[in-house]
Amino acid sequence: MLSTQPSKFFRILWPYVQIARIDHWFKNVFMILGIVLALFYELELFAWESVFPLLLAIAATCLIASSNYVVNEVLDAPYDRLHPVKKDRPVPSGKVKTSWAWIEWFLLGVSGMVLAFSLNGYFGTTALVFLVSGLIYNIPPIRTKDLPFLDVLTESLNNPIRLLLGWFALVTHSIPPLSLVLAYWMVGAFFMATKRFAEYRRIDDPIRAKAYRKSFGYYTENRLLLSMFFYAMACSFVSGIFLVRYHMELILFVPIGAGFLTYYLKIGMLKDSPVQNPEKLYKEGGFVVYVGLSTLLFLLLMFSEIPFLYELFNVNPAIIPPLWTVGE
């Protein structure tokens, strides 16, 4: 009779798979905007020849992200033991040998970087920044994770980095508009600050919160709410620069984008909010539908021309090259 129990090898291996957080790879969806921009500015990239470099770019990004997640799991273990839920993670619960985890971190990082530089130098350099940003965020003596506001800003920097990874997977002679890169950073900061807000409320004890995360010694619900408002406003203003300068059609997306931020904030306000673990947001059915429809509308507007909008708002269509040239 066949046993239904998992093998010993699987039981030993599984915790190491868990700390690589494969379920968090969905965050690399933020590469899509960079890919869309590349296709918007260079329509000839709509070709089968673009598929392989994109697959290679996604694989490299996922490996580097997992490398950063492993170092996060290892260094956060003493603090996770103080969290009501995270104490059961593989490292704080003793299911992972630290020495093996460091080997896993090294192998994931190296394999990701080899793939990245095999694609092209610009993608490889950006991938290296992605890897280093994870080290700055997690490793003392810098460890920006412990510093209020810097923890949010350095973690959310992965948003524009992912945008650039999507872009450089296909384009190596220019970079996307800075206004959009900054907007992407600020919306990422809004997401991260909302996550901090939900975590702080979940712990519901300032002393325990500070023991779990040093930045919580400064944060309060009001301070986090104000920072969320700041990031949302900064994203809105910088996004406005992009749409007026480069693609006025996106002004039709403004109420949809504002609704998205509002919807996310609503979820962040829930008791034991799922934004603490964004990989579980798929359980919020209404939100998933909203995001899907919003994405379709954004793509439609990106590749549409509506001349009367420029006349209505008295704005001239962009007639200058919108990108900064690099390389040659």
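**Digging into the side chain of E73**
Structurally, E73 is set in helix α3 (residues 51–80). Since its relative accessible area comes to 3%, E73 is described here as buried. Among the polar contacts made by the side chain of E73, one reaches the side chain of R21 at a distance of 2.9 Å. Apart from residues no more than four positions distant in its own chain, E73 is found in contact with I19, R21, R89 and V91.

**As for unusual backbone geometry**
Here P140 and P141 are connected by a cis peptide whose omega angle stands at 5°. If you trace the backbone, P141 turns up in the loop between α5 (121–138) and α6 (150–156). Residue F149 is not a glycine yet carries a positive backbone phi of 70°. Turning to its location among the elements, F149 is positioned in the loop between α5 and α6. In this structure F149 comes out as partly exposed when scored by relative accessible area, which is 29%.

**Let's talk about the layout of surface pockets**
Size it by volume and the second largest pocket reaches roughly 680 Å³. Together, 25 residues line the second largest pocket, and D23, R89, N277, E279 and K280 are the ones closest to its centre. Of all the secondary structure elements, the ones that give two or more residues to the lining of the second largest pocket are α1 (8–19) and α8 (178–203). Tallying contributions element by element places α1 first for the lining of the second largest pocket, with three residues. For the lining of the second largest pocket, the residue count by class is six nonpolar, six polar and 13 charged.

**Concerning the confidence of the model for the chain**
The predicted model of the chain averages 89 in pLDDT, with 95% of residues at 70 or higher. The least confident element of the chain, judged by mean pLDDT, is strand β2 (residues 324–325) at 47; the most confident is helix α4 (residues 98–119) at 96. Of the regions scoring below 50 in pLDDT, residues 322–328 engages in 21 contacts with residues more than four places distant in sequence or in other chains.

**What to know about the packing of α3 against α4**
Their axes nearest at 8 Å, the elements α3 and α4 cross at an angle of 155°. When the axes of α3 and α4 are compared, the pair comes out roughly antiparallel. For the pair α3 and α4, the sense of crossing is left-handed. Here the residues of the contact of α3 with α4 sort into 19 nonpolar, seven polar and one charged.

**Observations regarding the pattern of salt bridges**
Applying the stated criterion to the full structure yields eleven salt bridges. Residue D272 is joined to R202 by a salt bridge in which the shortest nitrogen-to-oxygen separation is 3.1 Å. With a gap of 70 residues between them, D272 in the loop between α11 (254–268) and α12 (285–302) and R202 in helix α8 connect regions that are remote in the sequence. On the basis of relative accessibility, which here comes to 28%, the residue R202 falls in the partly exposed class. Three or more residues joined by partner-sharing salt bridges are found here, namely K86, D151, R196, E199 and R213.

Conventions and cut-offs
Residues numbered from 1 in each chain as written. Predicted model: local features only at pLDDT ≥ 70, side-chain atom pairs only at ≥ 80, totals over all residues. Heavy atoms only, no water. Helix = DSSP H or I, 4+ residues; strand = E, 2+ residues; numbered from the N terminus. Buried < 20%, exposed > 50% of the residue type's maximum accessible area, 1.4 Å probe, protein only. Polar contact = N/O pair within 3.5 Å; in protein donor to acceptor, adjacent residues only side chain to side chain. Contact = heavy atoms within 4.5 Å. 1 Å grid on protein atoms, 1.4 Å probe; cavity = no way out; pocket = protein on both sides within 12 Å on 5 of 7 lines; lining within 4 Å. Points joined across faces, edges and corners; volume = space filled by probe spheres on them. Nonpolar A, V, L, I, M, F, W, Y, C, P; charged D, E, K, R; others polar. pLDDT = per-residue confidence, 0-100. Axes fitted to C-alpha atoms, helices over the stretch in contact; angles between N-to-C directions. Parallel < 35°, antiparallel > 145°, perpendicular 65-115°, else oblique. Left-handed = near helix turned anticlockwise from the far one by under 90°. Salt bridge = Lys/Arg side-chain N within 4 Å of Asp/Glu carboxyl O.

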